[in-house]
Structures are given as structure tokens and as C-alpha cells.
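Residue-level listing of the chains:
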Amino acid sequence: MDWDDAYANAPYIPSAEAYPPRWAAEAAAFRARARGQTGQSYGPHPRQGFDLFLPEAEPSGLVVFVHGGYWMKFDRSLWSHLAAGAVARGWAVAMPSYRLAPEVAIPDITADIRAAVEAIASRVPGGPLVLAGHSAGGHLVARMLCGDTAPGASADRIARVVPISPVSDLRPLLSTQMAGPLHLDAATAAAESPALMTPRADVPVHVWVGGDERPVFVDQARCLAEAWPGAALTVDEGRHHFDVIEGLTRPDSPLTGALLDGL
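Computed from a predicted structure; not experimentally measured.

Caption draft 1: Expanded view of the layout of surface pockets. Put simply, the largest pocket is a space of about 280 Å³. In this structure, the largest pocket is lined by 18 residues; those nearest its centre are Asn9, Lys73, Phe74, His241 and Phe242. Its residues assigned to classes, the lining of the largest pocket shows ten nonpolar, six polar and two charged.

Below, the structure written as C-alpha cells:
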């Protein structure tokens, strides 16, 4: 099996090259009209920062969304518009950036998200905390439910985790060219795989994946949902890896509902 091809999304998505500039434009337009604070720091590195978007009234709670990019690219500036759905429903939404490989390894990035969640939660101290993330971000938010990385005092506020198209078992990546820049070896791949860990039992998890994604991503989503007792799984038919997150822009979408309904 060609594992590099199996994990390549763009070649199998029509007009894939148009998505990043569109994301950037939509994110900038949202920031221009949104309430909140951008460029907040949670650590000394330039990438250890977050943007916080606020509703008009006192927030009902806090959503932290962690972006993807195979732990090697992108930052929070491309995804601001994905806060729109939850903000419209009265929730605060934070978008952190994090250090990237190959400057750092995946355990360092996991530690960044732990620190980010702690810092962000202190800024919005009331209400439940929902963690959502896409692709590598799905991996990172799932890791926050594992005992070795629970984000301090704010861990008790976590009410739901929604990994979207997550990479839940990192061991197949050892057979890709990404293994080198990710500093990935067998021990690290196992230690950073949420599907191989026992999560907190008291936090609902809803795994979400597009029905038109590469088969390995559907497999990765099913793997996590089956490994974690009680986890829900939605296969969003007709959605691929780049548009599966678009529901977050709308307050009435099923994906935004998966984050917030009942909280």
C-alpha cells in the first residue's frame, strides 16, 4: 500500500488549491466584524497565541477549535470564520496556533494545546468547555481526554470533545514521508495515539468525518469511535476533508449541533 498516497487529500479534492485562499478571505472577513481579542499569548514562542471571539451577551460557555495541517502547516488566521456558528449561539470561541514540525515534535505540540486550553479557559471562566479540532487538530483535542495531558484545572470543565476527521492512530504515518519531519518513531507514534489510550469516561465524545474523505480518514474516525466506549460517530455523507468543517460557520448545522446541543 502507498501510505503517502493514502494520506494525501488534495489530489482527490476538486479545485483543492482554491480552499486555502478562500479560507483566509472568509476568516479575515469574520475577524473584521467579530467581537473579541486577537493575538493573545499563551507562551513565549510567536506561534503560541490565540484569537478569542465573543458573543454579544455573557458567553454560555467556551469552544476551543484546533486547526489541522498534519502538525506541519497553517495557523489560526485561516479558520476564524469557523467560530461563527457557535458565536451566533452565544458561545465564546477561541482559535489557538501552535508550534509546528519539524521545529518541534508531536509531543511538544500536544503540550502546546494543553497550555493553550488552560490559558484560554482562564479568560472565559464560566460555563462548559467544548473542544473541537480538525484532522491533526482532531488528534490534539482527543489527546486532551487522555490522563497524561489533561489540561489542569480546566479539565473539569470539559463537557464534550468533537474530533473532526481525526488522526487517532499515528502508527500508519511511520510508513509515510511525513515520519521524518514529524520526528515520529514507533514509541512516539504509540504514545501519541488516542485510539490506543483510555480516555476520561465522564466526557461525551462525538467523532465526525466526511463520507467522501480518503478511506484512511474514515477508518481513523471509526477506529477512535470504536476504541473509546460510548463515543458517537457521524459519517457526513457528501463531505470531503476540506469541506467537512464548513458546518461550523452556521448556528443551525448538524456539526455545530454536535458541539453544543444539550449543553
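Caption draft 2: Quick peek at the pairing of strand E7 (residues 206–210). Along E7, five of the five residues are buried, which leaves the element largely enclosed by surrounding structure. Bridge count between E7 and strand E8 (residues 232–236): five bridges; the pairing is parallel. Considered in E8, the bridge of Gly210 is made with Asp236. The handedness of the E7 to E8 crossover, carried by helix H7 (residues 215–227), is right-handed.

Caption draft 3: A look at helix H5 (residues 136–143). By the criterion of burial, H5 is predominantly enclosed, with eight of the eight residues buried. For H5, the full list of buried residues reads Ala136, Gly137, Gly138, His139, Leu140, Val141, Ala142 and Arg143.

Caption draft 4: Region of interest: empty space enclosed by the protein. Counted by the stated rule, this structure contains one cavity of 30 Å³ or more. Taken as a whole, the largest cavity encloses approximately 70 Å³ of empty space. Listing elements by their share of the lining of the largest cavity, those giving two or more residues are strand E3 (62–66), helix H3 (84–88), strand E4 (92–96) and helix H8 (254–260). Of the residues contributing to the lining of the largest cavity, the split by class is ten nonpolar, two polar and no charged.

Caption draft 5: Here's a closer look at the pattern of salt bridges. By the definition in use, this model includes twelve salt bridges. A salt bridge links Arg22 to Glu246; the shortest N-O distance between them is 2.5 Å. One end of the pair, Arg22, is in helix H2 (residues 19–33); the other, Glu246, is in the loop between E8 and H8, with 224 residues separating them in the sequence. Arg89 serves as the salt-bridge partner of Asp261, at 2.8 Å between the closest nitrogen and oxygen. Residue Asp261 is located in the segment after H8, and its partner Arg89 is located in the loop between H3 and E4; the two are separated by 172 residues in the primary sequence.

Caption draft 6: Expanded view of the packing of helix H4 (residues 106–123) against H5. Close contact between H4 and H5 brings their axes to 9 Å; oriented N to C, the two are set at 65°. Between H4 and H5, the angle is such that the two are roughly perpendicular. Classified by chirality, the crossing of H5 by H4 is right-handed. Contacts between H4 and H5 involve Ile106, Ile109, Thr110 and Ile113 from the first element and His139, Leu140 and Arg143 from the second.

About the thresholds
- Residues numbered from 1 in each chain as written.
- Predicted model: local features only at pLDDT ≥ 70, side-chain atom pairs only at ≥ 80, totals over all residues.
- Heavy atoms only, no water.
- 1 Å grid on protein atoms, 1.4 Å probe; cavity = no way out; pocket = protein on both sides within 12 Å on 5 of 7 lines; lining within 4 Å.
- Points joined across faces, edges and corners; volume = space filled by probe spheres on them.
- Nonpolar A, V, L, I, M, F, W, Y, C, P; charged D, E, K, R; others polar.
- Buried < 20%, exposed > 50% of the residue type's maximum accessible area, 1.4 Å probe, protein only.
- Helix = DSSP H or I, 4+ residues; strand = E, 2+ residues; numbered from the N terminus.
- Pairing = 2+ DSSP bridges.
- Right-handed = clockwise from strand over helix to strand, strands pointing away.
- Salt bridge = Lys/Arg side-chain N within 4 Å of Asp/Glu carboxyl O.
- Axes fitted to C-alpha atoms, helices over the stretch in contact; angles between N-to-C directions.
- Parallel < 35°, antiparallel > 145°, perpendicular 65-115°, else oblique.
- Left-handed = near helix turned anticlockwise from the far one by under 90°.
- Contact = heavy atoms within 4.5 Å.

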